[in-house]
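Remarks on the overall topology
Residue-level listing of the chains:
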Amino acid sequence: MFSSKLKIFTDFDGTVTTNDTWIEMGNVFIKNKSAWNLVISDFESGKIGARECFRKECSLIENFDIGIFNKIIDSQKIVTGFREFYGFCNERNIKLTILSEGLDYYISRILKNHNLEIPFYSNTMILSDDGKSFTIEFPYSDSDCNRCGTSKRNLLMNLTSDEEVSVFIGDGFSDTCVVHYADIVFAKKSLASYC
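Anyway, here's the lowdown on the structure attached to this text. Sequence order as written defines the numbering, with residues in each chain counted from 1. Local features in a predicted model are, by the rule used here, given only for residues with pLDDT of at least 70; side-chain atom pairs are given and counted only at 80 or more, and totals for whole chains, interfaces and linings are based on all residues. Water and hydrogen atoms play no part in the side-chain values, which are based on all heavy atoms of the structure.

1. Describing the packing of aromatic side chains
Two aromatic rings from Phe, Tyr or Trp, using only the six-membered ring of Trp, form a pair when their centres are within 6.5 Å; if the ring planes differ by under 30 degrees the pair is stacked, by over 60 it is edge-to-face, and anything between is tilted. With the rule as written, the count across this model stands at 11 aromatic pairs. For the pair Phe54 and Phe138, a centre-to-centre distance of 6.1 Å together with 40 degrees between the ring planes defines the contact as tilted. Here the residue Phe54 occupies a position in helix α3 (residues 50–60), and Phe138 occupies one in the loop between β4 (134–137) and α7 (152–158), the gap between them amounting to 84 residues. Per residue, the accessibility class of Phe54 equals that of Phe138, and both read buried. Through a chain of ring-to-ring contacts, the aromatic side chains of Trp22, Phe29, Phe54, Phe64, Phe69, Tyr105, Tyr106, Phe134 and Phe138 assemble into a single cluster. In this text, helices come from DSSP runs of H or I with a minimum length of four residues, and strands from runs of E with a minimum of two, each type numbered from the N-terminal end. Relative accessibility decides the category of a residue: with a 1.4 Å probe and only protein chains considered, values under 20% of the type maximum give buried, values over 50% give exposed, and everything between is partly exposed.

Right under this line is the structure:
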């Protein structure tokens, strides 16, 4: 009875996976590290929102190659214990959903690589026909707030009824809005410090 009232939401990069796939991609395709660090600093200080951050980061990408990106994606590992946690949720019919500031392209591929069937909400990667560039769309953004590309807060609130208990699991800056609205929070890294 209780399990049907529980909904668990988790961040993806650094929470489900051991590393942040976007950062790993940037380490390969962004050569101007000082410019990239400045963009990240502006984002973390609140000078720019996630959508502007993504656009600026994309403008710094050089010689993008989808084949190399796929190799980066395929090297990603999931955190120790996550597969067991996934099984625990499935056995008890507890709804598990990923809310991510990352990109659908790599999330989908990583989940498939690890035989994990988990619904997710994220930003959308639009690959060019030649596979040498991409753009990003933000289907789950909040029109009144530019802080996030994917509004985890809105998604958690819209996907949870008043009778359900929401649990959020996260690790970083993109999770700071949603934790104010979750009933229970499991936090690590910078999100733990924030909480």
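On we go from here.
2. Some points on the side chain of Arg51
By the secondary structure assignment, Arg51 is in helix α3. Counted charges follow a simple rule, with Lys and Arg positive, Asp and Glu negative, and His plus the chain ends left uncounted. Salt bridges are identified by distance alone: a Lys or Arg side-chain nitrogen within 4 Å of an Asp or Glu carboxyl oxygen. For the buried Arg51, which has no salt bridge, the nearest side chain bearing the opposite charge is Asp142, at an N-O separation of 6.7 Å. What qualifies as a polar contact is a pair of N or O atoms within 3.5 Å, subject to a donor-acceptor requirement within protein and to the restriction that residues adjacent in sequence count only when both atoms come from side chains. Within polar-contact distance, the side chain of Arg51 engages the backbone oxygen of Cys145 at 2.4 Å. Here, residues are in contact when the closest pair of their heavy atoms is within 4.5 Å. Apart from the residues within four sequence positions on either side, Arg51 is in contact with Phe138, Ser141, Asp142, Cys145, Asn146, Arg147, Cys148 and Gly149.

3. Quick word on the pairing of strand β1 (residues 6–10)
Walk down a regular strand and you will see the side chains alternate between the two sheet faces. For β1, the buried fraction is high: five of the five residues fall into the buried class. Because side chains alternate across β1, one face comprises the buried residues Leu6, Ile8 and Thr10, and the other comprises Lys7 and Phe9, equally buried. In this description, strands pair whenever DSSP reports at least two bridges between them. The sheet contact formed by β1 and strand β5 (residues 165–170) spans five bridges and is parallel. Across the sheet, the residue bridging to Leu6 is Val165, located in β5. As paired strands, β1 and strand β2 (residues 95–103) are joined by four bridges and run parallel to one another. Across the sheet, Ile8 pairs through a bridge with Leu96, a residue of β2.

Any link to function would need more than the numbers given here.
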